[in-house]
Amino acid sequence: MTTGPSVRAALLRFPQRSWTAARCGRCHHLQEQTMTSSRTARTTESVRAAESVRTVAPAHTVRAVRTADPVRTADPGDTGDRVSTIDTVRRHPERHRVLTGDRPTGPLHLGHYFGTLQNRVRLQDLGVELFLVVADYQVLTDRDRADRPADYAEDLVLDYLAAGIDPQRATVFTHSAVPALNQLMLPFLSLVSVAELGRNPTVKDEIAHAGRATVSGLMFTYPVHQAADILFCKADLVPVGQDQLPHLETARTVARRFNERYGQVFPEPAPLLSASPLLLGTDGGKMSKSRGNAIPLGADEDRTARLVRSATTDADRHITYDPQHRPGVAGLLQLAALCQDRTPEEVADEIGSGGAAALKRLVTEAVNEYFRPVRRRRSELARDRGHLRKILAAGNEHANAVADTTLREVRTAMGTVTAAA
Ligand code: ATP
Ligand code: MG
């Protein structure tokens, strides 16, 4: 998404509060059940859950649930459906299903962690059923060929596990292994206009960053493919970063129009934003795997120090939190604040006139300290790549069962010949 200075400023001003959702006895019970159930039992249960999933309020504009404050919504004027939705997550985690994912274009970075990964783990720990898509087909939106897609897919699984995703409770799968999911894209494409697709600001931004002479059909339509990702398992909550909000709007539009045209099949999914929906990279722009500005989750301490040292700052020695005029400095302050559970202003006050070098030292220490356990776990898990492949194989099997059921339902709703078979 093109993020102008004022938007960036607004995003960086989000309060740095954490979501401290208490676990109830019921959640523990559900987790135990899931952990001891067989894959087949899970499949049956998942399909049943998919059928009973509640449709969220039919708002025509995406209003995000912000986990920084579970009793308020992103829009201060909105005091209705979103409040009850997050309450329902806590009280009835079994009624919700979450889909989210990442492109296997490189290792996950700190933006992923604070932007969405942390929330995925929190939802999982509440007992919500989780689907994580390794979006391998979407790698081709902005390049001719995917570079080592299978290796990067395994790396994503590694990052997920290191961050706390439990494959017994979460389904991790790849796009390319689930044909029925991809088939949903065809009827879904008929539900949106070319003009609507052309207005998507994130797609425009990604086209600009891809630096290519032409725009492929996949790039132009991938928000609809993403709608298929979300709706194949009837997810009603999608933990994402800020850049994904326009895509969520598309998914909601697709769900609503499908239901209007063919009868109720899909929920309208709501985005779940974290307290840090847009972490900036070392160049002051959105931290991205593909833009050479990321600090990977799995970077060692020396590499982290080098990357932080290379971050763009400015000549003013007095450190202040001013996202609009000093995005590079603000990004570093934001990162330290997230790692130390403070506000960026508090971090800036501590540095005072110490200059960028002191700020970078503080950020390096904060990041290394915070991520030490995650990185330790990652190195241990990296020793067994076979285990990562098995997780993907099991996830693909489960995702196929769910996708086949949804596709059957879609065909029935549409009255296609195949439905009678
Ligand atoms: P690429 O450069 O290949 O597009 P990416 O870093 O943008 O990679 P994605 O795989 O496109 O990562 O995004 C996966 C998820 O992580 C999305 O929900 C996205 O909103 C979130 N995310 C990515 N970057 C950030 C960031 N800097 N801050 C917060 N959330 C982010
Ligand atoms: Mg991206």
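Source: prediction; values computed, not measured.

## Regarding the packing of aromatic side chains
Okay, so step 1: Summed over the entire model, instances satisfying the criterion amount to 13 aromatic pairs.
Okay, so step 2: Ring centres of F131 and F173 lie 6.5 Å apart, and the angle between their planes is 75°; on these two criteria the pair is classed as edge-to-face. With a gap of 42 residues between them, F131 in strand β3 (residues 129-134) and F173 in strand β4 (residues 170-174) connect regions that are remote in the sequence.
Okay, so step 3: Measuring from ring centre to ring centre gives 5.2 Å for F258 and F266, while their planes differ by 70°; the resulting arrangement is edge-to-face.
Okay, so step 4: Judged by relative accessible area, F258 falls into the buried class, the value being 0%.
Okay, so step 5: With a relative accessible area of 0%, F266 lands in the buried category.
Okay, so step 6: Clustering of aromatic rings is evident, with ring pairs tying together Y113, F114, Y370 and F371.
Okay, so step 7: The side chain of R148 reaches across the aromatic face of Y152, ending 4.9 Å from its centre.

## What to know about the pairing of strand β2 (residues 97-102)
Okay, so step 1: Counted residue by residue, β2 has five buried out of six residues, so it is predominantly covered.
Okay, so step 2: Where β2 lies against β3, six bridges are found, and the strand directions are parallel. Opposite G101, over in β3, you have V133 as the bridge partner.
Okay, so step 3: Considered for its hand, the β-α-β crossover made up of β2, helix α5 (residues 110-126) and β3 is right-handed.

## Some remarks on empty space enclosed by the protein
Okay, so step 1: This model, assessed by the stated rule, comprises two cavities of 30 Å³ or more.
Okay, so step 2: Split into classes, the residues belonging to the lining of the largest cavity amount to seven nonpolar, five polar and no charged.

## Re the site of ligand 1
Okay, so step 1: Lining the immediate environment of ligand 1, one finds 22 residues, of which T105, D243, K286, K289 and S290 sit closest.
Okay, so step 2: Separating an oxygen atom of ligand 1 from a side-chain N or O atom of H109 is a distance of 2.8 Å.
Okay, so step 3: D243 is positioned with one of its side-chain polar atoms (N or O) 2.4 Å from an oxygen atom of ligand 1.
Okay, so step 4: Alone, ligand 1 offers 600 Å² of accessible surface; in the complex the protein occludes 95% of this.
Okay, so step 5: Breaking the shell around ligand 1 down by element, the ones donating at least two residues are β2 and α5.
Okay, so step 6: When residues in the shell around ligand 1 are grouped by element, the largest group, four residues, is from α5.
Okay, so step 7: Here the residues of the shell around ligand 1 sort into five nonpolar, 12 polar and five charged.

## Comments concerning the packing of helix α15 (residues 344-351) against helix α16 (residues 355-381)
Okay, so step 1: Following both chains from N to C, one finds α15 and α16 inclined at 125°, their axes separated by 10 Å at the closest point. Relative to α16, the element α15 lies oblique. Between α15 and α16 lies a crossing of right-handed hand. Contacts from V347, E350 and I351 in α15 reach G355, A358, L359 and L362 in α16.
Okay, so step 2: Of the residues that constitute the contact of α15 with α16, the class distribution is five nonpolar, one polar and one charged.

How each quantity is defined
- Residues numbered from 1 in each chain as written.
- Chains lettered and ligands numbered in written order.
- Predicted model: local features only at pLDDT ≥ 70, side-chain atom pairs only at ≥ 80, totals over all residues.
- Heavy atoms only, no water.
- Phe/Tyr/Trp six-rings, centres within 6.5 Å; stacked < 30°, edge-to-face > 60°.
- Helix = DSSP H or I, 4+ residues; strand = E, 2+ residues; numbered from the N terminus.
- Buried < 20%, exposed > 50% of the residue type's maximum accessible area, 1.4 Å probe, protein only.
- Lys NZ or Arg CZ within 6 Å of the ring centre and 35° of its normal.
- Pairing = 2+ DSSP bridges.
- Right-handed = clockwise from strand over helix to strand, strands pointing away.
- 1 Å grid on protein atoms, 1.4 Å probe; cavity = no way out; pocket = protein on both sides within 12 Å on 5 of 7 lines; lining within 4 Å.
- Points joined across faces, edges and corners; volume = space filled by probe spheres on them.
- Nonpolar A, V, L, I, M, F, W, Y, C, P; charged D, E, K, R; others polar.
- Near = heavy atom within 4 Å.
- Polar contact = N/O pair within 3.5 Å; in protein donor to acceptor, adjacent residues only side chain to side chain.
- Areas by Shrake-Rupley, 256 points an atom, 1.4 Å probe, with all protein chains shown as cover.
- Axes fitted to C-alpha atoms, helices over the stretch in contact; angles between N-to-C directions.
- Parallel < 35°, antiparallel > 145°, perpendicular 65-115°, else oblique.
- Left-handed = near helix turned anticlockwise from the far one by under 90°.
- Contact = heavy atoms within 4.5 Å.

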